[in-house]
Structures are given as structure tokens and as C-alpha cells.
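# Structure assessment
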Amino acid sequence: MLLLQLSARNLLGLHHRGRLLPHLEARWVEFRRTEASKGEKAAWRESLVLLAHELVEAGHGEVHMFVECQPDGVDGAADVILVGTHPETGDDSLLVVELKRWSSVGRTDDPEKVDVSGFSKPKHHPSTQVRRVMDYFNGDGRQPGIAYAGLSYLHNATDASIEPLLDAGTRRGAHALYFTADTRQDLLEELDGRFRRESGTSAAERLLTRLGLRNAPLLEAVALSDGADTAFTLRGMQKTVWRDVKRAVSRFRNGSAGTSERAVFLVRGGAGTGKSAIGLQLLRHFTDLGLRTRYATGSRAFDASLREFIARDDLLVQEQLAYFMNFVEPPVPPLDLLICDEAHRLRAESTLQFWAAEKRGKQPQVDELIQAAQVTVFLLDDDQSLRKNEVGSSALICEAAERNGVTAQIYDLHTEFRCGGSDTYRAWVLDLLGISGRKPGEWAPDGLMHVEVAESAEQLERIVRMEEQDGATARMVAGFCWPWSEPHPETRVLHRDVRIGDWHRPWNAKGPFSRHTDGEPPAKLWGVKREGIGQVGCVYTAQGLEWDWCGVIMGDDMVWREGGWVFRKGKTSGADEETGERKPLKPGSMDPGLPADADEFARCVRNAYHVLLTRASRATVIHSTDGPTQEYLRTLVGPVDDQGLRPAWASLTPEEQLRRSLRAHDARRGRKQPPGQGIQPDLFGF
């Protein structure tokens, strides 16, 4: 659990705008499933804000504050963990702080507990919780290069009023420092001894990674893998899936299962819950063991991106990747394991327009996939089907498993790792789009994800390009609200179909061609080739990918009117015989694959924007082409200058700028960092 992480200066800024406490209260409900107590709210309002003031006044306003941080496996949360850089060593410095509003304490028969006015039962010494959190950080072996300490701050008390905390026989150690109103100056000196005055951003990012709130983007993990594992660490239900699939494969390999038996696993979860991470772990593990394993998908863009990075790998080969339609004829003997990613994109049957009748599937595609392997794993998001010919669903897979004599084992993933690990942002997107059924509130920055509204398409592109040039991964995407023309048949020039006022840009290249006039990559590699930065992607080429920054253009298919969303279908002309260009005839969705039913049409459009708005790991920039919708977005997202939280290149420390530049440079040259070095490459530019 982590309610918020911001620098002390930015936390105070959020407080002065009246948005700190509502944000903490909402986050508490999300994690605890109950309202925060009056005591908790008072502690945030008084103690937390006071500590932030102390830091700013002491010149440590850039030290980051991790509020209500409870690492996995720890009983109880730290009120605050302060994160920055040690002034002497330059290493990361972590200071666990327990904040108490107590004015005095009394002795009890238990030396580990004290009486506190207003509480019916004795309370543990504040240092007890500090020790628990510090034990977590030391539990797997103290990491070199990190300085740990802890303290309790009783700002309403005096030294005399807390004497029982200092009695002989009470625990001593790095966790048992106490400061009161009498020793405030000593506290400020302690902060000076623990932190430099520079930004704590880099140290905070490393702590987020250690806490499991930052994962490398999926394709970075593939590129970094040392062959035995990916850069992901599986957690919770992910581990359970991993274990059960391994057991099933082993059961078939050692002959304890019948030769005609099958095993089917259905792993469900929203965007960013780590479905693909599980799949890639399984692929690598069983490939390393020499088993016949394949990884299939229904997405050309995701498949091509995997192929691009697997080309650098010494272990996996591209022949291990497949499409769902590649199993019309079952392998003989059956595969040991078939992993079917993005199973919501299953088709009813395996066929293409120009396939001869004898090559087309004779049974449902899902049955072909089950019969292709002894163990088949389906990775699925029931809320990501986007077109009328995509039939993949939990019910479809379970019914197919029963037809093939097996009961599917179902697993639901709930913890999400995309969008910088920000539960706040993912919930806000669901509220914004009307998927959750909750009324959307103002976006409250949490230090994990950044959101801003661009005033124009020009500004959105300028931000995306600037960040990409500075070392971030970045792309522009849009709703399918403009015609998508074929490239000029002779010149291969891409038509600038996406037109917003005087701003005209092409969609990513259409079709399989590898060369275009201005060097644009083919559609399937638009999201990973640096030359794709100048084109606009749509949901079909963005699905499954992730970038640091994503600019999202909302078009006329989903507009805000009188307190609700209105969904509109557009119309486009036919292709010009000479140029191949199409013209818009009516504003709205130009996607020919959406269903005619109004409710299903609205569901698909919502799902499409949900995909687009969850492609970024650091920052999402939004612009709507519709005036009322743009104004509505402005009311939900405060001005960037007001927030002061933009994770732009210029705001990074010189150290982090250098690290990102080196990561990008190494990735572009196809290098791998040695295992354990902990540096994740940016893969799309320098």
C-alpha cells in the first residue's frame, strides 16, 4: 500500500490547493475498503503537513515523502518514509518516520507499551512500527549503497512528557530515535545529516521499483532478460498461475497424465495486470528446458514488437511466435505448452479472405488452440474486445474446454503494474470513461503518474516530441475518427489523414510494406521504431505496447454533452482511384469494424479509449477535438504550472538524465546490461 509519494514541496502545494486530504481519503478507501478514521484524517491534516513544512523550511523540500507506505508482508504501514540522497556518501538515504499527535504518555506494566490519553488500551511504542518497516528493508540482506534510519516525531509533546518512552529496558537502536517540540532543532539537524538538499527523484524511483510499484515496460523486460527470467518479478496471483502451469506441464512430461488429456488455464485481468509477464516467463522457462513451447497472439503489432526484441536474444527464436490462425492443422505431436496472449481477440474461425477452402478452419478457432497443445494458457481481458469479429471471452473459452473434455482453471489478476503503478490513475480513467459507473472527480497527482490537458494538437505533439528527443519513450495515439487511406500507390507517401485545424499528420503506415517515402516504419513496428514518432497510432497498433509518455487525441466519436457521453458514428468517402486518399464526410468514428448496435458501439469506443489512455508509464497528455469535451477535461485536470509535477526531462536530476541517456544508447545498439545491475533501457531513442 502507498497512498502518495511526492516531494515535500509538491505535497504542500497539493495541500494548499485543498486536494491533499481528499486524495488521501479516497486512496485509503481504495486500499482498506473502509473510511479513514477521524484520527487518521487529523494526523494527515496536522502531523503530515507539519513534517512537510519542517522539510521545506530546513531546505529539504525536494526530499520525497512516501505517505502510508506498507510494503508487502509488513504488519502495518509507515506513516512516512523520507527518501533522498545521503550528504556524505551520495547513496540513497531512507528515513522511516512515525508521526504521533500524543501530548504525553504514561507507564504500564509492559515496558513495550504506554498509556496515552484518549485511548482505552495501552499503545505500543511508536518505534515498534518503525522497527517493523526497517526489518523489511533489511530482511533480504541489507542492500549496499542505501542508508537506513528511523525516528518518531511527537510534535505536540515535550521531552518530559514522554519520559516513559526512554525508560531503562526499552528497546534501543537505529529505529528508536524520539523528537518532540523541545528537540525540533535536533530533528532539523538529523535531516541535514541524512539528506542532501538536491532532488530525491532518483532515489524515489529506485524505492518504487524495490516496493514492486515500478516494473520495466514489457518489451524492455524481454530485451533485458538473461534467459532464465525476465526483468519482471511475479507477485501474488501471478506466482500462483506460474506455479500451477509448471506443475501441469511437468505432469504431462513425466507421464502421470494420459496422452489424450488436456489442461486449459484461463488467466483474466485488466490492462497492466501482468498477463503477458506471466506468459513470457513461461515461454522462457520451458524453452530453456527444451520443451516445445509457442507464444501466440491475435495482434500483429504486439507480435511484431516481440519479434523485434527477440531478434536480439540468444535463447528465443522467432519461430516460437505465432498467430491464433496458425493452428488449423494441429502440431504432431502436440506442443507441450501453448500460450495465447490477448485471447479477447480470438476469431470465430481461422480464415483469411484469400485462403483456399481447404486451408480454412473447420472448427472454432478456440478449439484449434486447445487441441494444439497438452497445456494451453489463455491470457484475456474481457473488457478489451474492440471489433465485431473479435469473439474471445471467458465464457467462450470455458465452453470450448468442456467440449474438449477438460474444465478450465480460472485465475483473476487484480493488481496492476502499468501506468507507473498508479491505482489512482487507472481508477480515474475508468471513472472518466464511464466504465466504472462512478462520477469522475478532479485528477489528484500521486507522484506515480502525471496527467495534463494540451490546448491543441500542436502542443500535444510538441510535448511528445520534446520528451522523445530527450530520452523518453513517447508516441501520439488517437481515436479512430479520421479516414485511414492507403499510401499513394506509386510514391508510397502517407496521406495526412488526421486533420485538426491546420495540424495535419498521417496515421501510422498501413499494410505490410517496409518502406515509405519519408522512412516511416511498417504499421506493425510503428510503436517501437524511432521513425514512428511523427505518425499517429490507433488502438489496434497501440494495444499491448507501453511508453513513458503518451499523447492521446480524443475525437468526435466520444463527446461530452449535458453531463454525459455521447457516441457518434462517422462516415468516410471511398478511396480516390489515383491517390488512394479518403475524405471525411461526417464526424465520428470511422472504424469499419465496430458493431452497428448502439450499446455495443458505445462499449467498443469506451474500451478503445481505455486502451489508449493506459499506454503510458509516466505521463498522459490528452486533447479533445471537441470544444465542450476539451472544456470538461480542463475542469478535471488542473493546469500543469499549478501542479508543478510534470516529470519532464528538465526536472530530472543530472544523474538520472545520464542514466536514461546511457540506457537509450545501449538499447539502440542492442546491448544488454549485466544481470543484477538494475538499469532498465529506454528502447526507442536517445
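About the cut-offs
- Residues numbered from 1 in each chain as written.
- Predicted model: local features only at pLDDT ≥ 70, side-chain atom pairs only at ≥ 80, totals over all residues.
- Heavy atoms only, no water.
- Buried < 20%, exposed > 50% of the residue type's maximum accessible area, 1.4 Å probe, protein only.
- Helix = DSSP H or I, 4+ residues; strand = E, 2+ residues; numbered from the N terminus.
- Pairing = 2+ DSSP bridges.
- Expected span 1.5 Å × (residues − 1).
- Polar contact = N/O pair within 3.5 Å; in protein donor to acceptor, adjacent residues only side chain to side chain.
- Axes fitted to C-alpha atoms, helices over the stretch in contact; angles between N-to-C directions.
- Salt bridge = Lys/Arg side-chain N within 4 Å of Asp/Glu carboxyl O.
- Core = buried A, V, L, I, M, F, W, Y, C linked by side-chain atoms within 4.5 Å.
- Contact = heavy atoms within 4.5 Å.
- Patch = residues over 30% accessible without salt bridge, like charges linked within 9 Å, V, L, I, M, F, W, Y side chains within 5 Å.
- Areas by Shrake-Rupley, 256 points an atom, 1.4 Å probe, with all protein chains shown as cover.
- Lys, Arg positive; Asp, Glu negative; His and termini not counted.
- Charge placed at Lys NZ, Arg CZ, Asp CG, Glu CD.
- Phe/Tyr/Trp six-rings, centres within 6.5 Å; stacked < 30°, edge-to-face > 60°.
- Lys NZ or Arg CZ within 6 Å of the ring centre and 35° of its normal.
- Arc of directions from axis to C-beta.
- Parallel < 35°, antiparallel > 145°, perpendicular 65-115°, else oblique.
- Left-handed = near helix turned anticlockwise from the far one by under 90°.
- pLDDT = per-residue confidence, 0-100.

### Structural notes on the pairing of strand β16 (residues 450–453)
- Residues of β16 alternate between two faces, with His450 and Glu452 on one and Val451 and Val453 on the opposite face, all of them buried.
- Inspection of the sheet shows β16 paired to strand β26 (residues 616–624) by four bridges, in the parallel sense. Bridge pairing links histidine 450 to alanine 619 in β26.

### As for helix α16 (residues 598–613)
- Here α16 spans 23 Å end to end across 16 residues, near enough to the 22 Å set by a 1.5 Å rise per residue.
- The complete set of buried residues in α16 reads Phe601, Ala602, Cys604, Val605, Asn607, Ala608, Tyr609, His610, Val611, Leu612 and Leu613.
- Where α16 begins, the capping side chain belongs to aspartate 597, and its oxygen is found 3.2 Å from the backbone nitrogen of aspartate 599.

### A few points about the sheet that holds strand β3 (residues 78–85)
- Reading across from one edge, β1-β2-β3-β4-β8-β9 is the order of the six strands in this open sheet, with mixed pairing throughout. In this open sheet, the two strands that pair with only one neighbour each are β1 (4–7) and β9 (177–180). Across the sheet, the mean angle separating the axes of adjacent strands is 25° when strand polarity is ignored.
- Two strands pair when backbone bridges link them, and β1 and strand β2 (residues 64–69) are joined in this way by four bridges, in the antiparallel orientation. Directly across from glutamine 5, in β2, lies its bridge partner phenylalanine 66.

### A look at the sheet that holds strand β21 (residues 547–554)
- The sheet built from five strands is open, its strands ordered β16-β26-β21-β17-β20 with parallel pairing. The open sheet terminates on both sides in strands that have one partner only, identified here as β16 and β20 (536–537).

### Let's talk about the pattern of salt bridges
- The full count for this structure, using the stated rule, is 26 salt bridges.
- A salt bridge links lysine 100 to glutamate 98, with the shortest nitrogen-to-oxygen separation between them at 3.4 Å. Comparing lysine 100 with glutamate 98, the two get one shared label, buried.
- Here aspartate 135 and arginine 131 are joined by a salt bridge, their closest N and O atoms 3.9 Å apart.

### Quick notes on the nonpolar core
- Counting 64 residues, the largest nonpolar core has Trp428 and Trp507 as the members making the most contacts within it.
- With nine residues, the single largest contributor to this core is α16.
- Filtering out sequence-adjacent residues up to four positions away, tryptophan 428 remains in contact with Gly441, Glu442, Trp443, Val451, Ile622, Leu636 and Val637.
- One finds Leu6, Val49, Ala149 and Phe195 within the second-largest nonpolar core, a separate group that totals 37 residues.

### Focus on a negative patch on the surface
- Judged by side-chain charge, Asp159, Glu163, Asp182, Asp186 and Glu189 come together as a negatively charged surface patch.
- Secondary-structure assignment places glutamate 189 in helix α5 (residues 184–194).

### Re the packing of aromatic side chains
- The tally for this structure, following the rule as stated, stands at 15 aromatic pairs.
- The interplanar angle of 70° and the centroid separation of 5.0 Å between the aromatic rings of tyrosine 136 and phenylalanine 137 together place this pair among those described as edge-to-face.
- According to the relative accessible area criterion, tyrosine 136 is partly exposed, its value standing at 24%.
- By relative accessible area, which is 1% here, phenylalanine 137 ends up buried.
- Centre to centre, the rings of phenylalanine 480 and tryptophan 484 are 5.5 Å apart; their planes meet at 70°, and the pair counts as edge-to-face. The same class applies to phenylalanine 480 and to tryptophan 484, which are both buried.
- Cluster of aromatic residues (ring-pair linked, three or more members): Phe480, Trp482, Trp484 and Trp507.
- Over the ring of tryptophan 28 we find arginine 32, and its NZ or CZ is 5.0 Å from the ring centre.
- Sitting above the plane of the phenylalanine 252 ring, arginine 251 keeps its charged end 5.2 Å from the centroid.

### Considerations on helix α12 (residues 394–403)
- Where α12 is concerned, the buried positions are Ser394, Ile397, Ala400 and Ala401. All buried residues of α12 lie within an arc of 135° about the axis, which places them on one face of the element.
- Residues of α12 that are buried sit in contact with β10 (263–269), α11 (365–371) and β14 (373–380).
- Where α12 terminates, the next one or two residues include glycine 405, which has phi positive at roughly 80°.

### Notes on the packing of helix α1 (residues 8–16) against helix α3 (residues 38–57)
- At a minimum axis distance of 9 Å, the contact between α1 and α3 shows a crossing angle of 130°. Classed by the angle they form, the pair α1 and α3 counts as oblique. In terms of crossing hand, the pair formed by α1 and α3 is left-handed. Between α1 and α3, the contacting residues are Ala8, Arg9, Leu11, Leu12, His15 and His16 on the first element and Val49, Ala52, His53, Leu55 and Val56 on the second.

### As for the confidence of the model for the protein
- For the protein, the mean per-residue pLDDT works out to 82, and 82% of the residues sit at or above 70.
- For the protein, helix α7 (residues 218–224) is the element with the lowest average pLDDT, namely 44, and strand β22 (residues 558–561) is the one with the highest, namely 97.

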